[in-house]
Amino acid sequence: MKTLKSARNLVGGDTNPRNLHAYGDTDGVGIEAKLQHPLGVHFIPEKNVIIVTDTYNHKIKVVDPFRNEIFSWLGNG
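Since we're looking at a predicted model, the values are computed, not measured.

### Let's talk about the nonpolar core
Note that soluble globular proteins tend to have their nonpolar side chains buried in a common cluster. Counting eight residues, the largest nonpolar core consists of Leu10, Val11, Ala33, Leu35, Ile50, Val52, Val63 and Ile70. With near-sequence residues (within four places) excluded, Ile50 lies in contact with Leu10, Val41, His42, Phe43, Lys61, Val62, Val63 and Pro65.

Structure (structure tokens):
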């Protein structure tokens, strides 16, 4: 199993951490990806992925923490 050694931003947000309007519903890599009000987070060690509930978009998304990529898994927004 791969390991991560520090806390860091994986997906979403903006280059300016004070920008509270950097949200949306876009799959992608790094800050190009957008979420809106993500709440539930669960790590699945067998797959090395993180499941996130993107509540305002009504979706469950999957994050690959080693590629900084997120994609929609369930839901249609």
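That covers the picture; the talk isn't over yet.
### Examining unusual backbone geometry
In this structure, His37 takes a positive phi of about 65° despite not being glycine. Considering the arrangement of structural elements, one finds His37 in the loop between β1 (28-29) and β2 (38-44). Its identity as a non-glycine residue notwithstanding, Asn68 has a phi of 55°, on the positive side. With respect to the helices, strands and loops of the structure, Asn68 is situated in the loop between β4 (59-64) and β5 (69-74).

### Description of the pattern of salt bridges
Scanning the entire structure with this criterion turns up six salt bridges. With a shortest N-O distance of 2.8 Å, Asp25 and Lys61 are connected by a salt bridge. One end of the pair, Asp25, is in the segment before β1; the other, Lys61, is in strand β4, and 36 residues separate them in sequence. Look at Asp25 and you get partly exposed, because its relative accessible area is 32%. In this structure, Lys61 and Asp27 form a salt bridge, with 3.8 Å as the shortest nitrogen-oxygen distance.

### Here's the deal with the side chain of Asp64
Tracing the backbone shows Asp64 in strand β4. Classification of Asp64 as buried rests on a relative accessible area of 19%. Polar contacts involving the side chain of Asp64 include one to the main-chain amide nitrogen of Phe66, which spans 2.9 Å. A distance of 3.2 Å separates a polar side-chain atom of Asp64 from the backbone nitrogen of Arg67.

### Section: the pairing of strand β3 (residues 49-54)
Of all six residues in β3, five are buried, a share of seventy percent or more. Here β2 runs beside β3; their pairing, made up of five bridges, is antiparallel. Across the sheet, residue Val41 finds its bridge partner in β3, namely Val52. Joining the antiparallel neighbours β2 and β3 is a turn of four residues, in which Asn48 adopts a positive phi near 55°. Here β3 pairs with β4 via five bridges, running antiparallel. Counted as the bridge partner of Ile50 is Val63 from β4. Joining the antiparallel neighbours β3 and β4 is a turn of four residues, in which His58 adopts a positive phi near 55°.

The rules behind each value
- Residues numbered from 1 in each chain as written.
- Predicted model: local features only at pLDDT ≥ 70, side-chain atom pairs only at ≥ 80, totals over all residues.
- Heavy atoms only, no water.
- Core = buried A, V, L, I, M, F, W, Y, C linked by side-chain atoms within 4.5 Å.
- Buried < 20%, exposed > 50% of the residue type's maximum accessible area, 1.4 Å probe, protein only.
- Contact = heavy atoms within 4.5 Å.
- Helix = DSSP H or I, 4+ residues; strand = E, 2+ residues; numbered from the N terminus.
- Salt bridge = Lys/Arg side-chain N within 4 Å of Asp/Glu carboxyl O.
- Polar contact = N/O pair within 3.5 Å; in protein donor to acceptor, adjacent residues only side chain to side chain.
- Pairing = 2+ DSSP bridges.

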